[in-house]
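Commentary on secondary and tertiary structure
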Amino acid sequence: MSRAALLVLADGRFPAGGHAHSGGAEAAVRAGHITDAASLEEFCRGRLHTSGAVAASLAAAAALGVDPGELDLAADARTPSPALRVAARRLGRQLVRAARATWPHRELDALAGRFPKGAHQPVVMGLTARAAGLGPLDAAYCSAYEGVSGPATAVVRLLSLDPFDATGVLARLAPDLDRVARDAVEAGRAAVTEGVDVLPARSAPLLEIGAEAHAAWAVRLFAS
Amino acid sequence: MHLGDHHNTPAVSADAHRPDGTRRALRIGLGGPVGSGKTATVAALCRALREELSLAVVTNDIYTREDAEFLLREAVLPPERISAVETGACPHTAIRDDISANLEAIEDLEEEVGPLDLVLVESGGDNLTATFSKGLVDAQIFVIDVAGGDDIPRKGGPGVSTADLLIVNKTDLAPYVGSDLARMAADAKAQRGELPVVLQSLRSEEGVRDVADWVRARIAAWTA
Ligand SMILES: Nc1nc2c(ncn2[C@@H]2O[C@H](COP(=O)(O)OP(=O)(O)O)[C@@H](O)[C@H]2O)c(=O)[nH]1
Ligand SMILES: [Mg+2]
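Every value quoted in this text rests on a predicted model; they were computed, and no experiment measured them. (Residues numbered from 1 in each chain as written. Chains lettered and ligands numbered in written order. Predicted model: local features only at pLDDT ≥ 70, side-chain atom pairs only at ≥ 80, totals over all residues. Heavy atoms only, no water.)

**Here's the deal with the overall build of chain B**
Secondary structure assignment for chain B yields nine helices and seven strands. Taken against the 2.2 N^0.38 rule, which gives 17 Å for 224 residues, the C-alpha radius of gyration of chain B at 17 Å falls within 12% of a compact globule. Considered along the principal axes of its C-alpha atoms, chain B spans approximately 60 × 35 × 30 Å. By the burial criterion, 54% of the 224 residues in chain B qualify as buried. For chain B, contacts bridging at least 24 residues in sequence account for 77% of all contacts bridging at least 6. Total accessible area on chain B is roughly 9600 Å²; 51% of this is exposed by carbon and sulfur atoms. Averaging the coordinates of the 22 positive side-chain charges in chain B and doing the same for the 36 negative ones gives two points 5 Å apart. (Helix = DSSP H or I, 4+ residues; strand = E, 2+ residues; numbered from the N terminus. Rg over C-alpha atoms; globule rule 2.2 N^0.38 Å. Buried < 20%, exposed > 50% of the residue type's maximum accessible area, 1.4 Å probe, protein only. Contact = heavy atoms within 4.5 Å. Areas by Shrake-Rupley, 256 points an atom, 1.4 Å probe, with all protein chains shown as cover. Lys, Arg positive; Asp, Glu negative; His and termini not counted. Charge placed at Lys NZ, Arg CZ, Asp CG, Glu CD.)

**Quick word on the coordination of the magnesium ion (ligand 2)**
Residues and elements named next belong to chain B. Donor atoms from the polypeptide that bind the magnesium ion (ligand 2) are Thr39 (OG1), Asp67 (OD), Asp67 (OD) and Glu122 (OE), placed at 2.1 to 2.7 Å. Written as a sequence motif, the donor residues of the magnesium ion (ligand 2) are T-x27-D-x54-E. Here the residue Asp67 occupies a position in helix α2 (residues 66-73), and Glu122 occupies one in strand β4 (residues 118-123), the gap between them amounting to 55 residues. Of the two residues, Asp67 and Glu122, neither departs from the other in class, the shared state being buried. (Donors = N, O, S within 2.8 Å, 3.2 Å for Na, K, Ca; no water.)

**What to know about the sheet that holds strand β3 (residues 82-86) of chain B**
All names here are of chain B. If you walk across this open sheet you meet the seven strands as β3-β2-β4-β1-β5-β6-β7, and the pairing is parallel. One side of each edge strand has no neighbouring strand; the edge strands of this open sheet are β3 and β7 (197-199). Neighbour to neighbour, the strand axes of the sheet diverge by 20° on average, direction disregarded. Contacting β1 (26-31), β2 (55-61), β4, β5 (139-145) and β6 (165-169), helix α1 (residues 38-49) runs over the sheet at an angle of about 165° to β4. On the sheet, helix α4 (residues 100-113) packs against β1, β2, β3 and β4 and is oriented at approximately 155° with respect to β2. (Pairing = 2+ DSSP bridges. Axes fitted to C-alpha atoms, helices over the stretch in contact; angles between N-to-C directions.)

**Focus on the site of ligand 1**
Residue and element names in this part refer to chain B. Close contacts around ligand 1 come from 16 residues, with Gly35, Lys38, Ala40, Asp172 and Leu202 the closest. Between ligand 1 and Asp172, the relevant distance is 2.7 Å, taken from a nitrogen atom to a side-chain nitrogen or oxygen of the residue. Here ligand 1 loses 74% of its free accessible area of 580 Å² to cover by the protein chains. Tallying contributions element by element places α1 first for the shell around ligand 1, with three residues. Here the residues of the shell around ligand 1 are counted per class, giving five nonpolar, six polar and five charged. (Near = heavy atom within 4 Å. Polar contact = N/O pair within 3.5 Å; in protein donor to acceptor, adjacent residues only side chain to side chain. Nonpolar A, V, L, I, M, F, W, Y, C, P; charged D, E, K, R; others polar.)

Written as structure tokens, this is what we have:
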């Protein structure tokens, strides 16, 4: 395992399209659910323990070698909102492109061939971690962290929130991130032996509903 | 470029050839400050070239789809040849630092309406430093106008000094805003050396003629 490779993959500037997505923050700001650093933290904590935990488990399972096709179906089943499925696949397509250029690997080529319009992003994240010589815990961390750093960065733009406050939010979430990542690896290992149905299926209904409303806005800053 | 065979998976970067070995479409980026006339130039180029070339346009807006919608309203191309990329409020990121969404929009256009000869990629108005990645476009046009201040060519910046073509637009307005066209041309020459500059007014008889000729020469060199 290379710690430096983990930094490359986890870097917010890794060119995989994330900058255009708010992780539901734009809809939550409009709905008045995020107004300051404190409410951003609550939003991120909720996201982390629901869709974040699901994404991290999918990533860990993919990194452990669970079939990406089955994981992709499992991700679909855990993502009721069509808008969120579209966003997840679009980001998966962008990540596989960046990953193939960065860590050329047979499994990534095969994945791109099997899903020309993109597999769910966390599944791609798990395979990318494999290609980069990283393990399931790394994949889970990347997925979980991205799930909160995306909204935090977006809210800096949307509310002109002080960037130091937004980074403080992420730092305070660190213990939760550690726990979610560890649990995700456990779930991923269970999926290796028992199949993808044992992966967590937590959801955040407001994120799903917000994503559907957001996708219909005529004017928005972020793609999701 | 479909299922299974990983020798035939979608390209990861801006390869100059299609998977089948033929030369892909020439890609030209148009950047420059808000309101300088990028969309109007794209529209005029489409009208001038659509009979002789297979064309498509990708827009990168700050807010969702303004430019794409203008082009659709003006019916400069059939709707399936116009695609809008969402940029998370940062067009310069989407055209320079994290280009995957644009590459995928181009791939999808090629797949749906191709083979294409030319793809025009417009960047939503951004700042004077925004330039296109070489991984995304083969040539870039920077559009400024006389009303934005006649000292812009003198101040320079990467767009003004390095773009493959500099357009100084809206020359019809020069008398009204007190801009000195001769000085703008001389300053641009000093910044750009041998790189070409076109002064144009889309309100005039000649319109986009010189720029269309420049594009034709580029296409001829690309396909030679
Ligand atoms: N007078 C004049 N107006 C122009 C010219 N070119 C564009 N415009 C107008 O300038 C405004 C901004 O143009 P647009 O293409 O939307 O700018 P963009 O933000 O760079 O895409 C529109 O109202 C155009 O009609 C020109 O050559 N002369
Ligand atoms: Mg425009």
